[in-house]
Amino acid sequence: MVVAGIDIGAITTKVVLMNEQKIESYVVIKSRVGINQNARECFEQVLQNSGYKRKEVTSIVATGYGRINIPFAHKCVTEITCHAKGAHWLNPAVRTIIDIGGQDSKVISISESGQVIDFMMNDKCAAGTGRFLEVMAQALEVALEDLGELSLQSKKKVHISSMCTVFAESEVISLIADGYRKEDIIHGLHESITNRIYSMVVRLPVTDVIALTGGVAKNKGIILSFKKKIKKKLYLPPEPQIVGAIGAALIAHDLAK
Amino acid sequence: MDNIINSDLKDRIILSLAQSSFTYKLIRKVGSYYFRKSDSSFLFWLNFYTRQLEIAYQKKKPVVWASIFTPSELLYALDLIPLYPEMISASVAALNLAGYFIETAESNFYSLDLCSFYRVASGMYLKNCLPRPDMVISTSLLCDGSVKFFQNVSRYYGCDYYLIDPPYERNQGSRKYLINELKKLVQWISKRTNEQFSPIKLRKTLELANQSTLLIKKINQIREKVPAPLSGWNALAYPLYMYFASLGSRDGLKFYELLAQEVKNNAIQGIGVVEKERIRILWLHQLRPYYPNIIWQIMLDYKAVIAFEEISQVFWLEYDLTQLFSGLADKILANPGAGTLSRRISSIENLIKKYKIDGVIHFNQRGCRQSCGGASMIKDYLKAKGIPMLILDGDGIDKRNYSEGQIRTRLEAFFEILSQNR
Amino acid sequence: MLEYPPHSQKNKIITIKKKPFIAFFCTYTPQEIILASGFRPQRVIPLGFDPSLANTFLDSNFCPFVRSILSWAIKQNQDNAMVPFILVNSCDGMRRLYDVMSYYFRDSFIYFLDLPRKRDRASEELFKSYLYDLKRSLEDFTGREITDEALQEAIRESNNFRTIFMRLDEMRKKQNINLSYYDFFKLIQDGTEGIKKIYGLYPNDFLIYDSHLITNQNQLGEKKKTLRILLTGSVLDNIEIIKIIEEYGGIIELADHCNGWRYYINKIDETNPNKIDAIVSFYLHKISCPRMMESVTREERLLEIITDRKIDGVIFYTQKFCDVSLFQIPLLREKIKSLGVLSLCLEGEFSDNISGQVRTRIQAFMEAIEFG
């Protein structure tokens, strides 16, 4: 049985195609204005890559902030439930998921069977999200993908005191003017994000294994920062951005049965 | 003071309408026709509310601005017309006019960190949109805002202010103090209205309050039935107004008779507010968003209902009619929101059992320190008892703090958890 | 959940000058009773303890002072070094702080003192009963009776403290001693220890020798044009604010804060044979904080000072989310404006680093007054 999961995020849209609970293909594209159009294009691409036809897909579930705008999805489920499902399927030892997306971040606590027990979200401001790093990368004039590698070369501790992304950007600019190294500043920014997330983490019963998902989980510097702050076993999915879409596809499979 | 907001035509129309007693008469007549198919309790409330404003403008009786926890029984016994600015803010939000008053307040240096109920109410008096008070009475229940806002009102209008300041501990000393305070209050009011205080009148209002309270208890009891015959979403609207504003009045009693009948009818016929009810929620904090929002629809989608809300509890005993002030003093001290948080927590635990609650939602009104400050502790406590709780950030009045996407995601995720728990 | 050490941690007794200390935070804490019990009351302004650590227990939109106190308490608990606390029911924030602390730090001595908002006879009687209860609790905690003599001595000592600061303030204003407001404010926080350090004098000696100080200090040079500033608000968290105002040409006439002027103004009546009555009367009738009903009297006093001392500008410095201060600002601002004086509103966040935005605001304000 072929099913699909669509995760419409603020920065990227992801579609995963599964057949009998095996991933056939997946696509990640940049989200543009026109959620429905975006999702359709992404879906078409995944079909092309996999060789399946539209009518062979029995069930489609949509998740992410744009989930209610997809008329061709059979059901919408929140990204909390989808991330839980997806992460647990990838690694049944997972009990906590930390998802750092483009526009929000969340911590989800799940049971042995993969059911959501509790969750905490930060979607009030950009601090602690991918957007924070995007803004900083621009201010530092480095590519977003290079942030991780650069931070590993840090030698000196730099503390970013501003909570707000906009003010933190001003702080970073001042630090550059004061002669601090980019590598050290980036390391400090990663610590900032980790601290922000940590304040959510402590509110939940966080236990091993912790899955790090979302685009920001590809950043080596963030991973290191988390390893230092949270003394629990971390699990890094091979493709951290599609965990929500995998979960949605699995739910689509359950629906169709 | 008002040089920042331009008084254009729209503003002038709103103001002249708001300042006329005829407006409220008109709203009553038109409203009764427009809502003629609604529940009679709703129509009764509309009548009661608009009539009070109309009388207040006509200055037929002395007008007092009061906080919601000020004993209305005393106010009716002394023949005053009470106005509740905190609740009027809620109705202004429902009419989508809150933004206008918030802008007024903020441009007059009322910080946007203050509770939006008080910002709207401040905007309303800065615009002279409400009948002038002859006196102001408040209590320090449940927050600092209640003390300071009303003090500002009294200073703005140059009228006298009486504060009932209940002690933190619930003991004999506190009780004695409060009884004396209430006695002093009636003398204070008498002096200002030149009307002799009549113990007979007070006894009468206490008696009426007792009868109304019995009906509220009856309604609360009927609400224990599954499916829920009355939703907390509705109970947090006009019935809540009557809960604070009408005890001690004949109208209050009539209202509760109507409401009790409606709820009883639903219960007898097994009519639930939500068809095929699946999730029963306990709503914490005494308010909800009053402007149009999606919460009600999301609950319907998930077949969830607010089976009960903490504010509607009857936490006080029947007033002893031989002692005029002790019953009122006891009621003030018995408020679960006063004193230590453990009182609130144990009342919540009780309600969870009684109403067969599946999950608890705490509405974190932005700017409400006393309530939001306790939410994390309540959540921890309930978590240890295996009861899921959602802390829902939002604002009851200020739409700028309302984000549909965020509320939707949090609520839906919470309902998804509850659905899988079943 | 945060991992706490098991709840069996007893209060660690930390001593300052051989006296064990009790932490307090509100100006309405009756220090005299604490002193008489043999403890040293130490006012704690926990700057440098990140208030956001407390967000998980309280709300993030919460007074940073309250959150910093909790952050400090969490750190102490982690270090097995919880000191005894006295909290006052001064506001919603403190009330919830007490709830959180008494729930998570169950074995520690955390006393919650109720405080009436009014000051009529009935409120005095109430407050008296609260103070007797505090006295009993301290006696239980220390195992020692608090005698009338001890109270008398404590009242004398705290009156001394107040007298010294009122004198110092006078001398500073008349420029009889070279003491900037920054240093003066710092002294208030350090208490009599600071006085000893700077002037090498024991506090009692100070009162005898202050004339000695006047003649031996250099007179200030020719007065340059300065702008007279009145500071008012709740707790002043970071005293560097004062330095910045002075840097931009301001001279602070008065800092009306709970850890400023309101802390040392007035004296307790030493002739009253009932010590607790004297203490009650002092605290309820002194220059009040915005939280009290009688804040109107304080405002009138401030307006008098603005006129008498020809204040050029008023800076409201309150803690963010301090509702009682925020409610009073609009009306007070209007009154100050009608006196022809400009005002600036700033918010403290218990940050040990004063941001560029705050500096800019202060500088712009000083420029506006100077050229206005």
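Since the structure is predicted, the reported quantities are computational estimates derived from the model, not experimental observations. (Residues numbered from 1 in each chain as written. Chains lettered and ligands numbered in written order. Predicted model: local features only at pLDDT ≥ 70, side-chain atom pairs only at ≥ 80, totals over all residues. Heavy atoms only, no water.)

(A) Region of interest: the overall build of chain A. Along its length, chain A carries eight helices and 10 strands. Structurally, chain A occupies a C-alpha span of about 60 × 35 × 30 Å along its principal axes. Sorting the 257 residues of chain A into buried and exposed places 57% on the buried side. Taking all contacts inside chain A whose residues are at least 6 apart in sequence as the whole, residues at least 24 apart take part in 65%. Of the side-chain charges in chain A, 31 are positive and 26 negative, and the distance between the mean point of each set is 3 Å. (Helix = DSSP H or I, 4+ residues; strand = E, 2+ residues; numbered from the N terminus. Buried < 20%, exposed > 50% of the residue type's maximum accessible area, 1.4 Å probe, protein only. Contact = heavy atoms within 4.5 Å. Lys, Arg positive; Asp, Glu negative; His and termini not counted. Charge placed at Lys NZ, Arg CZ, Asp CG, Glu CD.)

(B) A look at the domain arrangement of chain B. Residue and element names in this part refer to chain B. When cut into domains, chain B gives domain 1 (7-198) and domain 2 (201-421). A C-alpha centroid distance of 22 Å is found between domain 1 and domain 2. On the side of domain 2, 55 residues touch domain 1, which itself brings 54 residues to the contact. Together domain 1 and domain 2 conceal approximately 4,800 Å² of surface at their shared face, both sides included; 67% is due to carbon and sulfur atoms. Area buried by domain 1 at its contact with domain 2 is led by F44, E73 and L142, which between them contribute 14% of it. Applying the counting rule to domain 1 against domain 2 returns four salt bridges. In this structure, R366 engages D113 in a salt bridge whose closest nitrogen and oxygen atoms are separated by 3.6 Å. Where domain 1 meets domain 2, there are 16 residue pairs in polar contact (both at pLDDT 80 or more). Of all the secondary structure elements, the ones that give two or more residues to the side of domain 1 that touches domain 2 are α3 (40-58), α4 (72-77), α5 (85-94), α6 (98-107), α7 (116-126) and α9 (172-193). In terms of residues, the side of domain 1 that touches domain 2 owes the most to one element, α3, which gives eight residues. Grouping the amino acids of the side of domain 1 that touches domain 2 by side-chain chemistry returns 33 nonpolar, 10 polar and 11 charged. (Domains from an automatic or database assignment. Buried area = accessible area lost by both parts, 1.4 Å probe. Salt bridge = Lys/Arg side-chain N within 4 Å of Asp/Glu carboxyl O. Polar contact = N/O pair within 3.5 Å; in protein donor to acceptor, adjacent residues only side chain to side chain. Nonpolar A, V, L, I, M, F, W, Y, C, P; charged D, E, K, R; others polar.)

(C) Representation of the domain arrangement of chain A within the structure. All names here are of chain A. Examined at the domain level, chain A breaks down into domain 1 (1-91 + 242-257) and domain 2 (93-236). For domain 1 and domain 2, the distance between their C-alpha centres works out to 26 Å. The interface of domain 1 with domain 2 comprises 12 residues on the first partner and 23 residues on the second. When domain 1 packs against domain 2, the two sides together hide about 1,300 Å² of surface, and 71% of this comes from carbon and sulfur. Contact with domain 2 buries area across many residues of domain 1, yet I80, H88 and N91 alone supply 43% of it, more than any other trio. The interface formed by domain 1 and domain 2 contains zero salt bridges. In this structure, the connection of domain 1 to domain 2 is made through four residue pairs in polar contact (both at pLDDT 80 or more). Sorting elements by how many residues they give to the side of domain 1 that touches domain 2 places helix α2 (residues 79-90) first, with eight residues. The residue makeup of the side of domain 1 that touches domain 2, split by class, is seven nonpolar, four polar and one charged.

(D) Quick look at the sheet that holds strand β7 (residues 105-110) of chain A. Residue and element names in this part refer to chain A. The sheet built from five strands is open, its strands ordered β8-β7-β6-β9-β10 with mixed pairing. Among the strands making up the open sheet, the edge pair consists of β8 (116-122) and β10 (234-235). In terms of strand pairing, strand β6 (residues 96-100) meets strand β9 (residues 210-213) through four bridges, oriented parallel. Bridge pairing links I98 to L212 in β9. (Pairing = 2+ DSSP bridges.)

(E) Region of interest: the environment of Q297 of chain B. Along the chain, Q297 of chain B turns up in helix α14 (residues 295-301). When the C-alpha positions of Q297 of chain B and V64 of chain B are compared, they lie 38 Å apart, and in sequence the two are 233 residues distant.

(F) Here's a closer look at the interface of chain C and chain A. Contacts between chain C and chain A engage eight residues on the former and nine residues on the latter. In total, about 630 Å² of surface goes out of reach between chain C and chain A, with carbon and sulfur atoms giving 50% of it. Run the count over chain C and chain A and you get zero salt bridges. In this structure, the connection of chain C to chain A is made through zero residue pairs in polar contact (both at pLDDT 80 or more). Its residues assigned to classes, the side of chain C that touches chain A shows three nonpolar, four polar and one charged.

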